[in-house]
Amino acid sequence: MSFAADLRAVLADDQVLDHPLDLHVYAKDAGVTPGIVAAVVFPESSEQVAAAVKIAAKHEVPIVARGAGTGLSGGAVPTRPGLIVALTRLNQIEEVDEAARTAWVGPGVINLDLSAHTMPLGLHYAPDPSSQSACTIGGNVGTNAGGPHCLAEGTTVSHILALELITAEGEIVMLGGAEPDPLGLDLVGVVVGSEGTMGLVTRILVKLTENPPEVRTLLLAFDSIEAAAAAVSAVIAAGVVPAAMELMDQPMIEAVENFKSCGFPITAAVLIAEVAGHPAAVDSEAAVVAQAGRDAGATEIRIAATEIERDLIWLGRKSAFGAVAYAAPDYYLHDTVVPRTRLVETMSAIYEIGARHGIQMLNVFHAGDGNLHPLVAFDAKEPGMLERVKAAADEMVRVSIGVGGALSGEHGVGLEKRDLMGEVFSPMDLDAQARLREAFDPKGLLNPDKILPEGSRCYDFGLVANLEPDSLK
Amino acid sequence: MTARAIEDWQVTAPEGAASEVLALAPPDLDSVARVLEWASLEGRPVIPWGGGTHMGPPTGAPPEILLLTSELNRVVDYQPDDLTLVVEAGALVTDVEALLAERRQSAVLAEHAAGSTIGGMIASGVSGYRRLRYGPTRERILEVTVATGDGRVITAGGRVVKNVTGYDIPRLMSGSQGALGVIGQVCLKLWPVPEASASLSMEVAAFRSLYRPLALLETERGATAYLAGTAEEVAGQAQAVGAEARAGLDWPEPLTQSTQIELRVPAPLVAAAVEQVRAADAESFRAQHRVGVVAAGFAEWSDDRLAALRSWAEGQGGAAVVAAASKQDVDRWGAPPASVELQRRVKEAFDPRRILVPGRLPGGV
Ligand SMILES: Cc1cc2nc3c(=O)[nH]c(=O)nc-3n(C[C@H](O)[C@H](O)[C@H](O)COP(=O)(O)OP(=O)(O)OC[C@H]3O[C@@H](n4cnc5c(N)ncnc54)[C@H](O)[C@@H]3O)c2cc1C
């Protein structure tokens, strides 16, 4: 039987797409590179996911998990004719355990829906990517997503206790558990952030976080981005880890103001900082942030006095990408991380690169953990433009690596940064990663061509690996 | 491996190890890797050895070679303003914490760490009581350099606090029990130490009213909440619950019994786990409320007691782990995890000849 016919034998008609027009819709995520899709399936149970995986394995068709497709690194884009397993219909919030502060959810649950669901209990799901009204928890697990409030709370991996995984062989296996230190190796930690290369996640036990009793949200204005970055470094150095510290530069502030008018001052840089916690602590922590701001030359410091003012500040921050989409047909969003002490010099270098390539750049980023997001707005129809944008991107990545940083802080390596992996890791390091992947996916069918450059596992290092067991005594 | 190198690196076997084992303390991680490569070729089981404080009861094949990390003990790079520390695995936790304390920072590892090394703490998967606030030890490992079972030296992760560049091998090293490789160097994420802290004796039932405590502990002598934050916050919380606050953190002393069993259960079941260990005649116990760990010490070994505690804990989706035993040949872990086959494959990705503590991980992995 053909591949599609095999799929239709186990799934209903409305669960399988293979018409070219339909496939086209699934050929891209929110990144810039399209792929090739053989079929898309919409399973409604773990067993159906397992069945689809087994069929794809039988036909040797690559398998690509997909959540909402908001990923920015091409993680959900098949590079060869592949089966997209869309997990959006596994969207049940199955069980919220108030006493344990946990919930079992399907991977298709939208991030923000979970927090809305648990709000009456005074609990929320802490990782809050800016895309949280669209992206899925399964996708967040796939990329180990972060967000403004991950500075103090940690990224997705810190909030996942257990996963049900469909393996490359189509087996259903549970990893982790509700107890604090599940027995054996921490495979949950390996699967989170593995971008669908180690299995498909079909159920997730997440940790829920107590809503803070009190919050102070500050907006600090600066007349240079370097001054704002210096304030961020100073806050960390002062021994305060705020709930969030986000930075926006003037082009971004202007774009946001044009789009939503949140009352942001039009100035070189705005730092949004939030401290959350006990009522007796937030004011003194807010004072530390304000003092660091003043010392770095803040021209204005606002502390939101009401919930409405606080929401307006966050609306400004969270509309940033929408504002850019409104202003330019295409955008390319970077995601590197640098040590927080190197923020100032890195930002200067990034502006210099942007200026030299003559590209329009806007910045909004998770400054508190050194996670940069230079965003280039452009029109891909302009000849040579995409090449220029990508050349600048490469340079920015190299600058970040040069100061001891990382390729990606939260969007993932995917396809986009795969070929830069050799800039941060030795062939031996990449080989080790490839071996780990092989342990989960010996036939290389799970999201091939992602994360690791071609040839990462092309030969065995060391004397031992090259010896057959028989040659050992 | 030359006979000369072996001679140069050989030391007397540390206390707690079998005396016939070949104990080596190589000068650097490359040398460690050479020993591992040689052991892989020869098929000799190896046990990595930090401070020897968290070895647990012997499990799996008896080692022929013992690899000490004692020569790998340098602080490589401390960046206080970045809250990161790069340190070699053989450094003592207490030395590292003393260095960090000068800047009012901490790696938030186990509170009782006399004699323990950084690498040993990570490999044994032990966390401190303060995990309730800061998360377990695995949350702190940003980068690792490891010598694998077949003698490759690999690095993964990075020296930044947020990173998805490649697979999270640093986190995988936590709780790996030495079965994947010898950890040579790590980058740890640090936390600032809050300005004030206090210990409050109180009833377990009142724990509920505290916001973000550092730890909520119960022992055979009563319950204590540990708070940290600004001075006003700590004083305010203590006043609100009407408990007398002792300044500072007076952690309970470690268990000393020759038989120790740790129950790991979903967090809401801690009170029930305490009842279980009390009913099993524990002399002493340390229960971590809202975390789900209850460690108990017993006067003597009893197979029946372990079986009963284990059957209860496993029935709750948890485990009963033997942390110390006065008897040989105990089943340290109990029922293996559902993912045991994947675990075996992951081990072999790092240790293809299975020479590193073979059989030490749950399920004989
Ligand atoms: C405007 C905008 C703002 C953004 N802001 C942030 C931000 O602040 N922080 C951040 O981290 N990201 C951000 N992102 C990126 C993106 O939203 C995240 O990467 C998100 O986690 C992707 O979720 P998704 O459901 O769209 O997953 P997809 O894009 O569909 O998939 C992402 C990856 O996960 C894999 N995957 C998906 N589901 C599963 C599953 N069930 N099992 C196994 N693998 C799976 C896919 O194969 C793919 O590799 C932003 C994106 C946009 C467009």
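Structure first, text after, so check above.
Residues numbered from 1 in each chain as written. Chains lettered and ligands numbered in written order. Predicted model: local features only at pLDDT ≥ 70, side-chain atom pairs only at ≥ 80, totals over all residues. Heavy atoms only, no water.

Turning our eyes to something else, we now look at the sheet that holds strand β2 (residues 46-49) of chain B. Residues and elements named next belong to chain B. With respect to topology, 3 strands assemble into an open sheet ordered β1-β3-β2, the strand pairing being parallel. For this open sheet the edge positions go to β1 (22-24) and β2, each flanked by a neighbour on one side alone. Across the sheet, the axes of successive neighbouring strands diverge by a mean angle of 20 degrees, strand direction being ignored. Relative to strand β3 (residues 65-68), helix α2 (residues 29-42) is tilted by about 165 degrees, and along the sheet it contacts β1, β2 and β3. (Pairing = 2+ DSSP bridges. Helix = DSSP H or I, 4+ residues; strand = E, 2+ residues; numbered from the N terminus. Axes fitted to C-alpha atoms, helices over the stretch in contact; angles between N-to-C directions. Contact = heavy atoms within 4.5 Å.)

Glancing now at the pattern of salt bridges. If charged atoms from side chains of opposite charge come close, those side chains can pair. Applying the stated criterion across every chain, the model contains 55 salt bridges over all chains. One salt bridge in this structure joins D181(A) and R138(B), with 3.1 Å as the shortest N-O distance. One end of the pair, D181(A), is in the loop between β9 (172-176) and α7 (187-191); the other, R138(B), is in the loop between α5 (131-134) and β7 (141-148), on a second chain. Taking relative accessible area as the criterion, R138(B) reaches 19% and is therefore assigned buried. Ionic pairing is found between R340(A) and D82(B), a salt bridge with its closest N-O pair at 3.5 Å. Here D82(B) lies in the loop between β4 (75-79) and β5 (84-88) and R340(A) lies in the loop between β17 (336-337) and α13 (343-357), a pairing that spans two chains. Across this residue pair, the class does not change: R340(A) and D82(B) are buried. Linked through salt bridges whose partners overlap, the residues forming this network are D431(A), R435(A), E438(A), R457(A), D150(B) and R152(B). (Salt bridge = Lys/Arg side-chain N within 4 Å of Asp/Glu carboxyl O. Buried < 20%, exposed > 50% of the residue type's maximum accessible area, 1.4 Å probe, protein only.)

As a further point, take the packing of helix α8 (residues 225-237) of chain A against α13(A). All names here are of chain A. Where α8 meets α13, the axes come as close as 8 Å, and the angle between the chain directions of the two elements is 155 degrees. Between α8 and α13, the angle falls in the class roughly antiparallel. Judged by the twist between their axes, the crossing of α8 over α13 is right-handed. Of the residues in α13, those in contact with I225, E226, A229, A230, V232 and S233 of α8 are L343, V344, M347, S348 and Y351. For the contact of α8 with α13, the per-class residue count stands at 8 nonpolar, 2 polar and 1 charged. (Parallel < 35°, antiparallel > 145°, perpendicular 65-115°, else oblique. Left-handed = near helix turned anticlockwise from the far one by under 90°. Nonpolar A, V, L, I, M, F, W, Y, C, P; charged D, E, K, R; others polar.)

Residues and elements named next belong to chain A. An order of β5-β6-β10-β8-β9 is seen for the 5 strands of this open sheet, with the pairing classed as antiparallel. Across the chains shown, the open sheet's two edge strands, defined by having one partner strand only, are β5 (93-97) and β9. Taking the axes of each pair of neighbouring strands and ignoring which way they run, one obtains an average angle of 15 degrees across the sheet. Across 5 bridges, the pairing between strand β8 (residues 160-166) and β9 is antiparallel. In the sheet register, I166 faces β9, and the bridge partner there is I172.

Another point: the interface of chain B and chain A. Facing 68 residues of chain B, the contacting portion of chain A comprises 91 residues. At the boundary of chain B with chain A, total buried surface from both sides reaches about 6,600 Å², with 61% on carbon and sulfur atoms. The largest per-residue losses of area from chain B upon contact with chain A belong to K162(B), V164(B) and Y167(B), which jointly make up 15% of the total buried on that side. Between chain B and chain A we count 10 salt bridges in total. For the side of chain B that touches chain A, the secondary structure elements donating two or more residues are α2, β8 (153-157), α6 (169-173), β10 (191-192), α7 (231-241), β18 (319-324) and α10 (340-350) of chain B. Looking at which element gives the most residues to the side of chain B that touches chain A, the answer is α10(B), with 7 residues. Residue composition of the side of chain B that touches chain A, by class: 33 nonpolar, 15 polar and 20 charged. (Buried area = accessible area lost by both parts, 1.4 Å probe.)

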